[in-house]
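Tertiary structure, described
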Amino acid sequence: MVEFGVEKLLKDESFVKLERIREKGKEIRKALSGKRVFIASHTNPDGDAIGSAAGFYSLLSAAKEQGKLDLEIEFWVPGFNGGVLFGKMEELGLEMTKNPFEALRWAEVVVVLDTPVPKLAFYQSREFEGLDIEKVLSDKFLIVIDHHIDGNLEGNITLRELFSSTCEIVTWLHLLAFDDVALTERESFFLQVGSFTDTGSFQFDYVEETAFVAMAFLTKILKPSSVARCVFWSDRDEKFELKKSYYGKVDFTADGKLAILIADETMVELMNNLEKVEVEDIVNEALRLKDVEAVLFAYPVENGKFKVSLRAKTARVNEVAREFGGGGHVRAAGCVLDEELLPQLIEKMQALVEKEV
Ligand SMILES: [Mn+2]
């Protein structure tokens, strides 16, 4: 008989990562008990930031409703205020706090998800302008749940493991430390969102067996197709316009192994009319080409700087991103740099893909 599933993975010696989640999960559960809790993720949120914050909030509110955990919770995803997913959140009865500033002050415990560096926790959010975030967080019991291995946001409890998405980690937290809590449709929905978006629909090579087992658990209550309908099959007209302009502008170098797109103002305007979660997959578009090994997607932000996203099939793009002050995942990383440095970054990327067969 073929062994499959959670029990099999727990027996497997290579899955010490799961044991660590179980241990940290127990600590987290204890730390939340009886407390006022504020859950947040990073600003300019992607599917995993939204999904993990809304998913973890749903798990904790289910635990509370089912009498398994006593706590008060508020949650907030900075910069998340529109689009299909936002509508879905309201439809599923999830409500973000109206006053994050007050909620942060009110909280005894702050849980920050999918956020590698302190400045990304609430960074550039209007609500917290003028506030010394690092100082405010240092006065709270801080719990960090994240899958960016080069992250340096440290909490009183830090659960940082190399899994395919923060949503996957939250799913394992449910399975290993909150297994007495019944899975709800809204938790399943939001954890599936990040599980899809951060893995390129399970295409990226850091996707392991654990990701599929976690997903299998989530689909017990909600079919992936109903999540896909909201995430992939609901593009607005602006997204279609953006794709048209992407295909018109993408360029290739290094024998066609590196695709480069430097967005102009028209594209930036189209992107600004969409939520980040609606446009994050556009970066991967050129990876569809057989010979393309990596993509570099750059767009102007403020003060003559460019925000750059790097994606690869097998190359280690996080190392290049780090050289320019950024970071991220092995195959999905990024940085923000001065326009003058763009040619240098392109050269590094060319050299990187030249090494790939
Ligand atoms: Mn993520």
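Let me begin by describing the structure that accompanies this report. (Residues numbered from 1 in each chain as written. Predicted model: local features only at pLDDT ≥ 70, side-chain atom pairs only at ≥ 80, totals over all residues.)

1. What about the sheet that holds strand E2 (residues 72-76)?
The strand order across the open sheet built from 5 strands is E2-E1-E3-E4-E5, with neighbouring strands paired in parallel fashion. The sheet terminates laterally at E2 and strand E5 (157-160), the two strands that pair on one side only. Averaged over all pairs of adjacent strands, the angle between strand axes in this sheet comes to 15°, irrespective of strand direction. With 5 bridges joining them, strand E3 (residues 109-113) and strand E4 (residues 141-146) adopt parallel strand pairing. Following the sheet pairing, Val112 is matched in E4 by Val144. Relative to E5, helix H2 (residues 16-32) is tilted by about 145°, and along the sheet it contacts strand E1 (36-41), E3, E4 and E5. Of the strands in this sheet, E1, E2 and E3 touch helix H3 (residues 47-65), which is tilted by about 160° from E1. (Pairing = 2+ DSSP bridges. Helix = DSSP H or I, 4+ residues; strand = E, 2+ residues; numbered from the N terminus. Axes fitted to C-alpha atoms, helices over the stretch in contact; angles between N-to-C directions. Contact = placed C-beta atoms within 7 Å.)

2. Considerations on the sheet that holds strand E9 (residues 305-312)
Two orientations exist for strands paired in a sheet by backbone hydrogen bonds: parallel and antiparallel. Pairing is mixed across the open sheet formed by 6 strands, whose spatial order is E6-E7-E8-E9-E11-E10. Either end of the sheet is taken by a strand with one partner, and the two such strands are strand E6 (251-253) and strand E10 (327-328). Helix H15 (residues 342-355) rests against E6, strand E7 (258-262), strand E8 (294-300), E9 and strand E11 (332-338) of the sheet, and its axis sits at about 170° to E8.

3. A few points about H2
Here H2 contains 17 residues, and its C-alpha end-to-end distance of 24 Å stays within 8% of the 24 Å for a straight helix at 1.5 Å per residue. Every buried residue of H2 is accounted for by Leu18, Ile21, Lys24, Gly25, Ile28 and Leu32. For H2, the angular spread of the buried residues around the axis is 125°, confining them to a single face. In H2, the exposed residues that point more than 90 degrees away from the buried face are Val16, Glu19 and Lys30. The positive-phi residue at the C-terminal boundary of H2 is Gly34, with phi of around 75°. (Expected span 1.5 Å × (residues − 1). Buried ≥ 20, exposed ≤ 12 C-beta atoms within 10 Å, placed from the backbone. Arc of directions from axis to C-beta.)

4. Description of the packing of H3 against helix H8 (residues 185-197)
Where H3 meets H8, the axes come as close as 7 Å, and the angle between the chain directions of the two elements is 155°. In terms of axis orientation, H3 runs roughly antiparallel to H8. The way H3 lies across H8 gives a crossing that is left-handed. Touching Gly47, Asp48, Ile50, Gly51, Ser52, Ala54, Gly55, Ser58, Leu59 and Ala62 of H3 are Arg186, Glu187, Phe190, Leu191, Val193, Gly194, Phe196 and Thr197, all from H8. Looking at the contact of H3 with H8, its residues break down into 8 nonpolar, 7 polar and 3 charged. (Parallel < 35°, antiparallel > 145°, perpendicular 65-115°, else oblique. Left-handed = near helix turned anticlockwise from the far one by under 90°. Nonpolar A, V, L, I, M, F, W, Y, C, P; charged D, E, K, R; others polar.)

5. Considering unusual backbone geometry
Residue Asp114 is not a glycine yet carries a positive backbone phi of 60°. Considering the arrangement of structural elements, one finds Asp114 in the loop between E3 and helix H6 (133-138). Here Phe202, not a glycine, exhibits a phi torsion of approximately 70°, which is positive. Among the secondary structure elements, Phe202 is positioned in the loop between H8 and helix H9 (209-218).

6. Description of the pairing of E3
Among the 5 residues in E3, 5 count as buried, and that is most of the element. Side chains Val109, Val111 and Leu113 project from E3 onto one buried face, and the interleaved Val110 and Val112 project onto a second face that is buried too. For E1 and E3, the ladder comprises 5 bridges, and the chain directions are parallel. Following the sheet pairing, Ser41 is matched in E3 by Leu113.

7. A few points about the nonpolar core
Ile39, Ala40, Ala53 and Val111 are the most contacted members of the largest nonpolar core, which totals 69 residues. With 9 residues, H3 is the largest single contributor of residues to this core. Beyond its immediate sequence surroundings of up to four residues, Ile39 is in contact with Ala53, Phe56, Tyr57, Ile73, Phe75 and Val111. (Core = buried A, V, L, I, M, F, W, Y, C linked by C-beta atoms within 7 Å.)

8. Looking at the environment of Asp264
As for its placement among the helices and strands, Asp264 is situated in the loop between E7 and helix H12 (265-272). For Asp264, a count of 12 C-beta atoms within 10 Å corresponds to the exposed category.

9. Quick word on the pairing of E4
Burial runs high along E4: 5 of the 6 residues are buried. Pairing of E4 with E5, which is carried by 4 bridges, proceeds in the parallel orientation. The partner of Ile145 across the bridge, within E5, is Leu159.

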